[in-house]
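Residues per chain are reported as follows:
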Amino acid sequence: MRKSLRVAAVVASCAVAGTALYGAGAATAGQSTANSTHEPYNIGLLVKDIDTYYGTAPDANGVYQASPDSPYARDLARIDADARRYIDRAARKAHHRGEKPAVVFDIDDTLLLSLDYEKRYNYTYNSATWAAYVNKADRPAVFGSPELVQYAASKGVEVFYNSGLSEAQRSAAVENLKKIGADVNLDADHMFLKDAANPPSYLSDCATPGAWKCTTVQYKSGTREHIEDLGYDIIADFGDQYSDLDGGYADRTYKLPNPTYFVS
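Residues numbered from 1 in each chain as written. Predicted model: local features only at pLDDT ≥ 70, side-chain atom pairs only at ≥ 80, totals over all residues. Heavy atoms only, no water.

## Quick look at the confidence of the model for the chain
Phase 1: Confidence in the prediction for the chain averages 89 pLDDT; 86% of positions are at 70 or higher.
Phase 2: Here residues 1-31 is modelled with pLDDT under 50, and outside its nearest four sequence neighbours on either side it reaches 77 contacts, counting other chains as well. (pLDDT = per-residue confidence, 0-100. Contact = heavy atoms within 4.5 Å.)

The following block contains the structure:
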């Protein structure tokens, strides 16, 4: 489930500037113009910049797609290439030491692209329209991400998913991930979703049955801590939001570009 703080608030050129590793020169979540006293960037121009960045165009069915020749695709390709080199090295080292390496992927706009939803609803969020969109289970892949999932698995790395989608959206998420070829470890032991009604005990500091108070960082970092408590070493964590990555319990984090919304 998306949080309510959804704004088209990052100029595409800023996303380009911070496309490498989070923690290795990328912009931080605190670098925002939200409190600026200057006139904000014109929203009409911002939408044009976002469309240019993605190479946004409707396909034959009228679904908005990103272009494989876009700056967005090129940024993803650079991240993907770095991640593959790193996963190969880290996995070999972990196996040599007798450890169990793992990677963690967010889902929305890390594996499944939501550009069509953003365009159709003018970069605004509504829980009902978002739920209907997710339940269609036909989002396209984020370029390169399904292949990266498969690559990690081929190197003997355990794949986990750590998503803000709700437990009620599990079947749709599994169906959609299978469609795009990310068909690795899609069981409940590897795919962690928000369950506000019956939260897991490892989140007891911020969530009890029927009373979910976890921030995104608390939820996601707490889940990563749980995965490591199971005996895994999370060598890499992938997400399109800084809140997917903050809070520790990962040796390296990869921030994928997303200039369409911000989740605190």
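Picking up after the structure, the text goes on.
## So, the packing of aromatic side chains
Phase 1: A complete count under the given rule lists 14 aromatic pairs for this structure.
Phase 2: Judged by centre distance (5.9 Å) and plane angle (65°), the rings of Y53 and Y72 are edge-to-face. Placement of Y53 in helix 2 (residues 43-54) and of Y72 in helix 3 (residues 71-96) is noted, with a sequence separation of 19 residues between them.
Phase 3: Residue classification places Y53 among the buried positions, given a relative accessible area of 2%.
Phase 4: On the accessibility criterion, Y72 (1% relative accessible area) is buried. (Phe/Tyr/Trp six-rings, centres within 6.5 Å; stacked < 30°, edge-to-face > 60°. Helix = DSSP H or I, 4+ residues; strand = E, 2+ residues; numbered from the N terminus. Buried < 20%, exposed > 50% of the residue type's maximum accessible area, 1.4 Å probe, protein only.)

## Some points on the pairing of strand 8 (residues 232-239)
Phase 1: Most of strand 8 is tucked away: eight of the eight residues are buried.
Phase 2: Both strand 8 and strand 9 (residues 253-255) contribute to a ladder of three bridges, which runs parallel. Each residue of the ladder has a partner; that of F238, found in strand 9, is Y254. (Pairing = 2+ DSSP bridges.)

## As for the sheet that holds strand 9
In sheet architecture, strand pairing relies on hydrogen bonds along the backbone and comes in two forms, parallel and antiparallel.
Phase 1: Here five strands make up an open sheet; going across it, the order is 5-4-3-8-9 and the pairing parallel. If you trace the sheet from one side to the other, it starts and ends with strand 5 (191-194) and strand 9, each paired once. Across the sheet, the mean angle from the axis of one strand to that of its neighbour is 20°, orientation sign disregarded.
Phase 2: With three bridges joining them, strand 4 (residues 158-166) and strand 5 adopt parallel strand pairing. Following the sheet pairing, S166 is matched in strand 5 by K194. (Axes fitted to C-alpha atoms, helices over the stretch in contact; angles between N-to-C directions.)

## Some words on the state of the cysteines
Phase 1: Inspection of the entire model under this criterion finds one disulfide.
Phase 2: The disulfide that involves C206 links it to C214, with 1.9 Å between the sulfurs. Between C206 and C214 the sulfur-sulfur dihedral comes to about 80°; the bridge is accordingly right-handed. Accessibility assignment for this pair places C206 and C214 in one class, buried. (Disulfide = S-S within 2.5 Å.)

## Notes on the nonpolar core
Phase 1: Ranked by internal contacts, the top residues of the largest apolar core, which has 51 residues, are I87, V103, F105, Y161, L177, M191 and F238.
Phase 2: A total of eight residues in this core trace back to one element, the largest contributor, which is helix 3.
Phase 3: Contacts of F105, omitting those with residues within four sequence positions, involve T110, L111, L148, V149, V159, F160, Y161, N162 and F238.
Phase 4: Counting twelve residues, the second-largest nonpolar core is a separate cluster that includes F192, A207, C214 and I234. (Core = buried A, V, L, I, M, F, W, Y, C linked by side-chain atoms within 4.5 Å.)

## Thoughts on unusual backbone geometry
Phase 1: For D109, which is not glycine, the phi dihedral falls at a positive 60°.
Phase 2: Inspection of the secondary structure assignment puts D109 in the loop between strand 3 (100-105) and helix 4 (115-120).
Phase 3: For D109, a relative accessible area of 3% puts it in the buried group.
Phase 4: Positioned with a positive phi, Y123 is a non-glycine residue whose angle comes to about 60°.
Phase 5: On the secondary structure map, Y123 appears in the loop between helix 4 and helix 5 (127-135).
Phase 6: You can call Y123 buried: its relative accessible area is 6%.

## With respect to empty space enclosed by the protein
Phase 1: If you walk through the whole model with that rule in mind, you get two cavities of 30 Å³ or more.
Phase 2: Taken together, L76, I79, D80, A83, F105, T110, F143, G144, S145, L148, F238 and L256 form the lining of the second largest cavity.
Phase 3: When contributions to the lining of the second largest cavity are tallied by element, the ones reaching two or more residues are helix 3 and helix 6 (145-154).
Phase 4: Looking at the lining of the second largest cavity, the element that brings in the most residues is helix 3, giving four residues.
Phase 5: For the lining of the second largest cavity, the per-class residue count stands at eight nonpolar, three polar and one charged. (1 Å grid on protein atoms, 1.4 Å probe; cavity = no way out; pocket = protein on both sides within 12 Å on 5 of 7 lines; lining within 4 Å. Points joined across faces, edges and corners; volume = space filled by probe spheres on them. Nonpolar A, V, L, I, M, F, W, Y, C, P; charged D, E, K, R; others polar.)

## Focus on the packing of helix 2 against helix 3
Phase 1: Between helix 2 and helix 3, the least distance of the axes is 5 Å, while the angle of their chain directions is 55°. When the axes of helix 2 and helix 3 are compared, the pair comes out oblique. Taken together, the residues of helix 3 that come into contact with helix 2 (itself represented by T52, Y53 and Y54) are P71, Y72 and D75.
Phase 2: The residue inventory of the contact of helix 2 with helix 3, partitioned by class, reads four nonpolar, one polar and one charged. (Parallel < 35°, antiparallel > 145°, perpendicular 65-115°, else oblique.)

## Section: the pattern of salt bridges
Phase 1: Under the definition given, this model contains 15 salt bridges.
Phase 2: In this structure, R170 and E167 form a salt bridge, with 2.7 Å as the shortest nitrogen-oxygen distance.
Phase 3: A salt bridge links E175 to K179, with the nearest nitrogen and oxygen atoms 3.8 Å apart. Here E175 and its partner K179 are both found in helix 7 (residues 170-180), four residues apart, which amounts to about one turn of the helix.
Phase 4: According to the relative accessible area criterion, E175 is partly exposed, its value standing at 40%.
Phase 5: Taken together, the salt bridges that share partners define one network made up of D82, R85 and R252. (Salt bridge = Lys/Arg side-chain N within 4 Å of Asp/Glu carboxyl O.)

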